[in-house]
Each structure stands twice: as C-alpha cells, then as structure tokens.
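One-letter residues, chain by chain:
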Amino acid sequence: MLAKTPVTIVTGFLGAGKTTLIRHLMANAGGRRLAFIINEFGDVGVDGDLVKGCADAACPEEAIIELANGCICCTVADDFAPALTALIARVPKPDHIVVETSGLALPKPLIKAFDWPELRTKLTVDGVVAVVDAAAVAEGRFADDPARVAEQRRSDPSLDHDNPLEEVYEDQLMSADLVVLNKADLVGPDRLNSLRVEIAEALPRAVKIAPAREGAIGADVLLGIRAAAEDDLNARPSHHDAEGEHDHDDFDTFVVAVPAVRDPDAFIDRLIAATRAHDILRIKGFVEVAGKPMRMLVQGVGRRFRRDFERPWGANEARHSRLVVIAQRGVDREAVAAALGG
C-alpha cells in the first residue's frame with residue numbers, strides 16, 4: 001500500500017493566532033511540499049488572503065484551497081472531503097496537508113471523516129494542533145463565574161447556563177495532540193505556568209503544551225506527530241458527541257463596509273468602543289487609509305486590536321474597506337454597523 005499523506009488539523013478559538021502560526025510554518029517549512037485548506041466565516045476571506053500572500057515554489061497558490069462563508073465541521077461531505085481529494089490528486093503530491101479550521105469549528109467531525117473508506121486508504125490525521133490565546137484564557141473569556149451562575153440558578157432554576165464559547169473552546173482542546181499556548185508574551189510567567197497547569201488538568205489525556213509568541217513553533221514540532229487520530233476517536237470526547245448534527249446558531253457573523261479611514265488610531269479606538277458596547281468576539285478585515293498606497297489589516301480579539309500595513313493595493317484592485325464581525329447570537333447588527341462606520 002502506498003504511504004498515506006499526513007494531515008495536520010489546526011484548530012483554536014477566534015483570534016487565537018492560527019493564521020499567524022500557519023504563515024510561520026510556510027516560511028519555515030524546511031523543504032517540505034505543503035498544501036493547505038483554509039476555512040473561515042465571512043466572504044471577505046482575510047485568513048485565506050494572508051496565507052496566499054506567503055505562497056512560494058514549494059507551496060504555490062494553487063495548493064491553497066480556501067473554504068469561506070461556512071464552517072467545514074458542518075459541511076464535511078460537501079466541502080472538506082472534496083478539497084482533500086483535490087489536493088492529493090495534485091502532481092507532485094504534497095508531502096503534508098495542513099487544515100486551518102474556522103475559530104468556531106469543532107475538530108472531531110473532521111477527524112471522523114478520515115475514517116471514511118475513500119479517505120482512509122489515502123490520508124491519516126498526523127495530529128490535531130489546538131492554538132490557545134493565552135491572554136484571552138487568562139482574562140476568563142471561556143469560563144463563567146461559578147458564584148454568579150449559582151446565584152442565577154437559585155433565582156431561576158429553569159435558566160440554561162450552557163456557555164457556547166466555553167464548549168467550543170473545550171471541544172477544540174479535547175481533540176488536541178499538541179496545544180500551542182500562543183501570545184505567551186501577553187501574560188506574566190507565573191500566570192503562564194498556572195495556565196499550563198489548568199489546561200493540562202482539563203485535557204482527557206497527556207498532551208504536550210508549548211508556549212509561543214506570534215505562532216512561532218517549529219515545523220518539526222507541528223508536523224510528524226503520527227497520532228493517527230482517526231483511530232482513537234473515543235479518547236477525544238466532545239460536548240457535541242450526542243448530537244446528530246452541529247450548527248453555529250449561538251453565533252452571528254456578518255460583514256460591515258466602512259468608508260476610507262483618515263486617522264487609523266481613532267479608527268481603532270472606535271472599534272474598541274463598539275466591541276465594548278456590543279460584546280463583539282472578533283473583528284478582522286482590510287481597510288483603506290486615505291492617501292496611503294498600502295492596505296491596512298485590522299484584527300481584533302475581544303478588546304485587543306492590532307493594525308498592520310500588510311501590502312500595497314493592486315493596480316486594478318477595488319479599495320473596499322470591509323470588516324468581518326463575529327458576535328454571540330442576538331447582537332444588534334444595525335447598531336454595530338453604525339458604530340463601526342463612524
């Protein structure tokens with residue numbers, strides 16, 4: 001039997017740094033011929049565009065497949081499996097395939113797909129890498145205040161206190177073969193050590209936890225784990241194991257068009273204010289700055305934002321300023337659009 005092509009699934013909650021990790025991997029592939037599947041919500045395609053910008057001879061742009069405006073954990077048969085089939089049909093065949101899931105995806109449905117007869121003979125899950133935003137976990141984004149929840153239950157026992165953020169975050173962790181504790185530079189060393197202990201205690205089995213800054217993890221660490229994850233699904237529990245199908249009704253995703261920006265700092269302040277007012281989880285997109293030849297990449301996680309002039313606008317490229325917004329269900333879209341548009 002011909003050797004199976006290894007596949008690494010990179011998972012992690014919104015804004016954890018998955019795309020940054022993948023861009024670092026592409027730049028330090030060590031001669032490996034890599035192929036990528038990039039999945040994200042929203043039709044702007046921020047992550048896919050950033051990854052394609054790193055394409056080179058070892059990983060040409062045509063070896064990068066972008067699956068946008070939907071979550072591949074919900075469309076395995078329609079989108080994910082055909083994309084894998086297309087990549088392994090390439091000549092020459094890739095040495096390794098890397099899948100970046102959306103920030104809301106559950107990795108387990110993807111792992112299950114590798115047990116399908118048409119994929120099992122050709123592919124294996126080399127490993128599931130969960131990227132964790134150390135600062136977000138330290139801020140308690142994924143955990144409820146137990147005392148507050150207990151008080152709410154006493155006042156109204158019928159309340160449903162399921163935390164969709166926590167469930168997605170934990171499902172991603174519980175499937176992992178490697179946890180990358182990213183943005184480690186944003187928390188102190190004592191808190192970082194306590195986070196490692198907390199995450200290790202939450203995992204169903206012993207898994208290596210590697211701190212990182214800007215997703216800088218070596219290819220020899222990320223690739224070659226040889227987990228064959230499709231063979232040990234029972235060791236990867238999920239909050240959604242009992243569900244026949246999984247959806248993302250707990251979250252709203254939409255795109256907001258904004259005018260060209262004259263003062264980038266004031267614009268970021270406006271985004272922070274909107275995030276605070278509407279409890280927005282994630283904002284990302286490309287923005288035109290008036291009078292500047294470079295397009296500005298904006299990325300926000302909670303109330304932490306960064307901006308970079310990422311590349312020049314193309315000669316015939318429309319200078320659209322568009323932001324992908326992801327929030328919990330019920331957010332006032334019109335109010336958010338008005339706040340972002342200024």
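Quick caveat: nothing in here was measured; it's all calculated off a predicted structure.

*Asks:* Describe the overall build of the protein chain, and please don't skip the residues or the numbers.
*Replies:* Tallying secondary structure elements over the protein chain gives twelve helices and twelve strands in all. Residue pairs in contact within the protein chain that sit at least 24 positions apart in sequence constitute 80% of those at least 6 positions apart. In the form shown here, the protein chain has an accessible surface area of approximately 15,400 Å², with 49% of it arising from carbon and sulfur atoms.

*Asks:* I'd like a rundown of the environment of Ile-88, residues and numbers included.
*Replies:* Relative to the elements of secondary structure, Ile-88 occurs in helix 3 (residues 76-88). The buried category is assigned to Ile-88, whose relative accessible area is 15%. For the pair Ile-88 and Lys-122, spaced 34 residues apart in the sequence, the C-alpha separation amounts to 8.2 Å. Not counting residues within four places of it along the chain, the set of residues in contact with Ile-88 comprises Thr-5, Lys-93, Pro-94, Ile-97, Lys-122 and Leu-123.

*Asks:* Explain the side chain of Thr-275 to me, using residue names and the numbers behind them.
*Replies:* Following the sequence through the fold, Thr-275 ends up in helix 11 (residues 264-278). Residues contacting Thr-275, with those up to four places away along its chain left out, are Ile-280, Ile-283, Gly-302, Arg-303 and Phe-305.

*Asks:* So what about the sheet that holds strand 8 (residues 251-257)? Which residues, and what values?
*Replies:* Taken in spatial order, the five strands make up an open sheet running 8-12-9-10-11, and their pairing is antiparallel. On the outer flanks of this sheet lie strand 8 and strand 11 (304-312), each paired with one strand and no other. Between one strand axis and the next, the sheet turns through 15° on average, direction left out of account. Relative to strand 11, strand 10 (residues 294-301) is paired through eight bridges, and the arrangement is antiparallel. Its bridge partner being in strand 11, Met-296 is matched across the sheet by Phe-309. Packing against the sheet, helix 8 (residues 164-174) makes contact with strand 8, strand 9 (280-288) and strand 12 (322-328), and its axis sits at approximately 100° to strand 8. The strands that helix 11 touches are strand 9, strand 10, strand 11 and strand 12; relative to strand 11, the one it contacts most, it runs at about 140°.

*Asks:* Requested: an account of the packing of aromatic side chains, with residues and values cited.
*Replies:* With the rule as written, the count across this model stands at zero aromatic pairs. In this structure, Arg-295 packs its charged tip against the face of Phe-286, placed 3.6 Å from the ring centre.

*Asks:* I'd love a proper account of the pattern of salt bridges, names of residues and values included.
*Replies:* Evaluated as defined, the whole model comprises 19 salt bridges. Residue Lys-183 is joined to Asp-133 by a salt bridge in which the shortest nitrogen-to-oxygen separation is 3.2 Å. In this pair, Lys-183 sits in the loop between strand 6 (178-182) and helix 9 (189-202) while Asp-133 sits in strand 5 (residues 123-133), placing the two residues 50 residues apart along the sequence. Each member of the pair, Lys-183 together with Asp-133, is buried. Of the charged contacts, one joins Arg-295 and Glu-310 as a salt bridge, the two residues approaching to 2.6 Å between their closest N and O atoms. Taken together, the residues span a long stretch of sequence, with Arg-295 in strand 10 and Glu-310 in strand 11 at a distance of 15 residues. When its relative accessible area of 24% is taken as the criterion, Glu-310 is described as partly exposed. A single network of salt bridges, built from pairs that share partners, joins Asp-133, Glu-139, Lys-183 and Arg-304.

*Asks:* Lay out the environment of Thr-101 in plain terms, naming residues and giving numbers.
*Replies:* With respect to the helices and strands, the residue Thr-101 is situated in the loop between strand 4 (96-100) and helix 4 (107-113). In this structure, the C-alpha to C-alpha distance between Thr-101 and Thr-11, residues 90 residues apart in sequence, is 5.5 Å. Sequence-distant contacts of Thr-101, that is, excluding residues within four places in its chain, are made with Ile-9, Val-10, Thr-11, Gly-12, Lys-18, Asn-39 and Leu-110.

*Asks:* Give me the lowdown on unusual backbone geometry, citing residues and values where you can.
*Replies:* Cis peptide bonds are those with omega within 30 degrees of zero, and the linkage from Val-91 to Pro-92 qualifies with 0°. The topology assignment puts Pro-92 in the loop between helix 3 and strand 4. Here Lys-183, not a glycine, exhibits a phi torsion of approximately 60°, which is positive.

*Asks:* Please set out the nonpolar core residue by residue, giving values where relevant.
*Replies:* Counting residues in hydrophobic clusters, the biggest one holds 30 residues, and the most contacted among them are Val-132, Leu-173, Val-179, Leu-181 and Ile-199. Among all residues touching Leu-181, those that are not within four sequence positions of it are Val-132, Ala-134, Leu-192, Leu-195, Arg-196, Ile-199, Ile-209, Ala-210, Pro-211 and Ala-212.

*Asks:* An account of the packing of helix 11 against helix 12 (residues 333-341) is needed here, citing residue identities and associated values.
*Replies:* Where helix 11 contacts helix 12, the axes come no closer than 8 Å and their chain directions differ by 160°. The angle between helix 11 and helix 12 falls in the class roughly antiparallel. The two elements helix 11 and helix 12 cross, and the hand of that crossing is right-handed. Side by side, helix 11 and helix 12 meet where Phe-267, Arg-270, Leu-271, Ala-274 and His-278 of the first sit next to Ala-335, Val-336, Ala-339, Leu-340 and Gly-341 of the second.

*Asks:* Now, about the confidence of the model for the protein chain: what can you tell me, with residues and values included?
*Replies:* Mean pLDDT over the protein chain: 81, with 80% of residues reaching 70 or higher. With pLDDT under 50 throughout, residues 144-149 is counted as low confidence; its partners more than four residues away or in other chains account for five contacts. Ignoring residues within four places in sequence, the model shows residues 156-161, a span with pLDDT below 50, making five contacts including any to other chains.

*Asks:* So what's going on with helix 9? Which residues, and what values?
*Replies:* A rise of 1.5 Å per residue sets the reference length of helix 9, with its 14 residues, at 20 Å; its end C-alpha atoms lie 20 Å apart and thus fit the reference within 8%. Of all the positions in helix 9, only Leu-192, Leu-195 and Ile-199 are classed as buried. For helix 9, the arc enclosing every buried residue in end-on projection is 55°, short of the 170-degree limit, so these residues lie on one face. Exposed residues pointing more than 90 degrees away from the buried face of helix 9 are listed as Asp-190 and Glu-201. Check the buried side of helix 9 and you find it contacts strand 5, helix 6 (134-138), helix 8, strand 6 and strand 7 (208-211).

Conventions and cut-offs
Residues numbered from 1 in each chain as written. Predicted model: local features only at pLDDT ≥ 70, side-chain atom pairs only at ≥ 80, totals over all residues. Heavy atoms only, no water. Helix = DSSP H or I, 4+ residues; strand = E, 2+ residues; numbered from the N terminus. Contact = heavy atoms within 4.5 Å. Areas by Shrake-Rupley, 256 points an atom, 1.4 Å probe, with all protein chains shown as cover. Buried < 20%, exposed > 50% of the residue type's maximum accessible area, 1.4 Å probe, protein only. Pairing = 2+ DSSP bridges. Axes fitted to C-alpha atoms, helices over the stretch in contact; angles between N-to-C directions. Phe/Tyr/Trp six-rings, centres within 6.5 Å; stacked < 30°, edge-to-face > 60°. Lys NZ or Arg CZ within 6 Å of the ring centre and 35° of its normal. Salt bridge = Lys/Arg side-chain N within 4 Å of Asp/Glu carboxyl O. Core = buried A, V, L, I, M, F, W, Y, C linked by side-chain atoms within 4.5 Å. Parallel < 35°, antiparallel > 145°, perpendicular 65-115°, else oblique. Left-handed = near helix turned anticlockwise from the far one by under 90°. pLDDT = per-residue confidence, 0-100. Expected span 1.5 Å × (residues − 1). Arc of directions from axis to C-beta.

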